[in-house]
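Structural characterization, general
Here is how the chains run, residue by residue.
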Amino acid sequence: MSKPLEGIRVIDLTHMLSGPYAGMILADLGAETIKVEPLTGEGTRALLAKDPKNSLKGMGAYFLTLNRNKKSVCVDLKSAAGLEIFYDLVRHADVVLDNFSAGVPAKLKIDYAHLKDINPRIITCSVTGFGQDGPNFQRPAFDQVVQGIGGGMSITGESADKPTRAGIPIGDLGGGMFAVMGILAALQARHRKGHGQHVDISMLDCQISMLNYMATMYFLSGENPVPLGNGHFVHVPYNTFRTSDGFVIIAVIFDSFWDNLVGLLDIEALKDPKFKTQPERLANKAYIEGILNDVLSTQTTAYWVEKLTEVRVPCAPVNNFAQALSDPQVLHRKMVIEIEHPEGGKVNAPGNPIKLSVDSDDRYAPPPLLGQHTEEVLRSLLGLDEERINELRAQNVVR
């Protein structure tokens, strides 16, 4: 078994969520990912680490999940000797990934401008809130900040009076996903042309990109869209409806789905021929949804999902985490995997959603202890002997 990015070496300088998520995806795909941490450890190590419900042997859920398949090397980049060690690592690397605030890599002399002279083929990637240039690029940013500026919050929730962020941190996760795309594109460009380059990922840019066709609709109409809850601005019925024990989603996109739904429910009021086409259904949205809420509330979610699926009406339950993470399709796709703690014990976590027909390997290495691989990497990759490593330890350059 093999993985597609075997032979690619990533130096991971990231912290918190957006950067580590990008590093996790690259590591899951087989890149040798060396997490270079300060001597006190990357800040995410402390998140939930002492929470008995959300940690395992001193590792919180954040670190357990985001740093599987990675190695940990502790180097003080602010010392001259530590910076030289980092430069030596860069000579043997393909990618350097960070999510420091804009300007920090240049200040530390670890940005592309410095590293390209050390390794002309190096690819650097920075994930920041607003990118590397522009009138506001140095503003601090976290997930909800870019969700708000990016417009997505204005159409999320039930009302424009109560803007709502996405339940998952799509600002951070989106930045991480686009970083992986950018790195893979740069690797392909290097394969064709031989040069390295810098990948500049702005979390705000990613949010704007994901507005997609709705942004184009705004440019065409000049009208700001408003929150519709779980409804749709074109399709009816396309919403979440209450059942006797929860909720069911019905998504009628095509008129044929409407015919199947009406045939199943056998409600005279919905058999009106004018409802057979989308424009009339949209004009009578409240009426149609009112009837559906009354009928669907008489049976359980499982009942309706079974019946609707039988007649090929797109539908789904609104699962909580326990239900979603035990769904047979999710389990079949190996989207729940085991992560081992390096000192023993296991925890379940989401798997790798990228499935390849040949180069696919579902094995996962444990997240590293702080500095667990420092000596291994200094010896095997940089060729340092025990005496030199001990000197560096004594000088608090490495740990």
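Figured I'd write up the structure that's included with this text.

Definitions and limits used
Residues numbered from 1 in each chain as written. Predicted model: local features only at pLDDT ≥ 70, side-chain atom pairs only at ≥ 80, totals over all residues. Heavy atoms only, no water. Helix = DSSP H or I, 4+ residues; strand = E, 2+ residues; numbered from the N terminus. Buried < 20%, exposed > 50% of the residue type's maximum accessible area, 1.4 Å probe, protein only. Contact = heavy atoms within 4.5 Å. Core = buried A, V, L, I, M, F, W, Y, C linked by side-chain atoms within 4.5 Å. Axes fitted to C-alpha atoms, helices over the stretch in contact; angles between N-to-C directions. Parallel < 35°, antiparallel > 145°, perpendicular 65-115°, else oblique. Nonpolar A, V, L, I, M, F, W, Y, C, P; charged D, E, K, R; others polar. Phe/Tyr/Trp six-rings, centres within 6.5 Å; stacked < 30°, edge-to-face > 60°. Lys NZ or Arg CZ within 6 Å of the ring centre and 35° of its normal.

Thoughts on the overall build of the chain
Of regular secondary structure, the chain possesses 16 helices and 13 strands. Dimensions of the chain, computed from C-alpha atoms along their principal axes, come out at roughly 85 × 50 × 40 Å. When burial is assessed residue by residue, the chain has 42% of its 399 residues classed as buried. Sequence-distant contacts, at least 24 apart, represent 68% of the contacts inside the chain between residues at least 6 apart.

Some details on the nonpolar core
Note that soluble globular proteins tend to have their nonpolar side chains buried in a common cluster. One finds Val 10, Leu 26, Cys 125, Ile 183 and Ile 201 to be the most contacted residues of the largest nonpolar core, which totals 31 residues. When contributions to this core are tallied by element, the ones reaching two or more residues are α1 (18-28), β6 (95-98), β7 (123-128), α7 (170-193), β8 (197-202) and α8 (203-221). At 6 residues, α7 tops the list of elements feeding residues into this core. In this structure, Leu 26 is in contact with Leu 5, Val 10, Ala 31, Thr 33, Val 180 and Ile 183, ignoring residues within four places of it in sequence.

What to know about the packing of α7 against α8
Following both chains from N to C, one finds α7 and α8 inclined at 95°, their axes separated by 8 Å at the closest point. Taken together, the axes of α7 and α8 lie roughly perpendicular to each other. Facing α7, whose interface residues are Ile 170, Gly 171, Asp 172, Gly 174, Gly 175 and Phe 178, α8 presents Met 203, Cys 206, Gln 207, Ser 209 and Met 210. Classifying every residue of the contact of α7 with α8 by side-chain character gives 5 nonpolar, 5 polar and 1 charged.

Points about the packing of aromatic side chains
Aromatic ring pairs are described here by two measures, namely the spacing of the ring centres and the angle between the planes. Per the counting criterion, the structure on display carries 7 aromatic pairs. Consider the rings of Tyr 303 and Trp 304, whose centres lie 5.0 Å apart with planes at 80°: the pair is edge-to-face. A residue is classified by how much of its surface remains accessible, and Trp 304, at 6% relative accessible area, is buried. Members of the aromatic cluster, each reached through a chain of ring pairs, are Trp 258, Phe 275 and Tyr 287. One cation-aromatic arrangement involves Lys 3 over Tyr 364; the distance from NZ or CZ to the ring centre is 5.5 Å.

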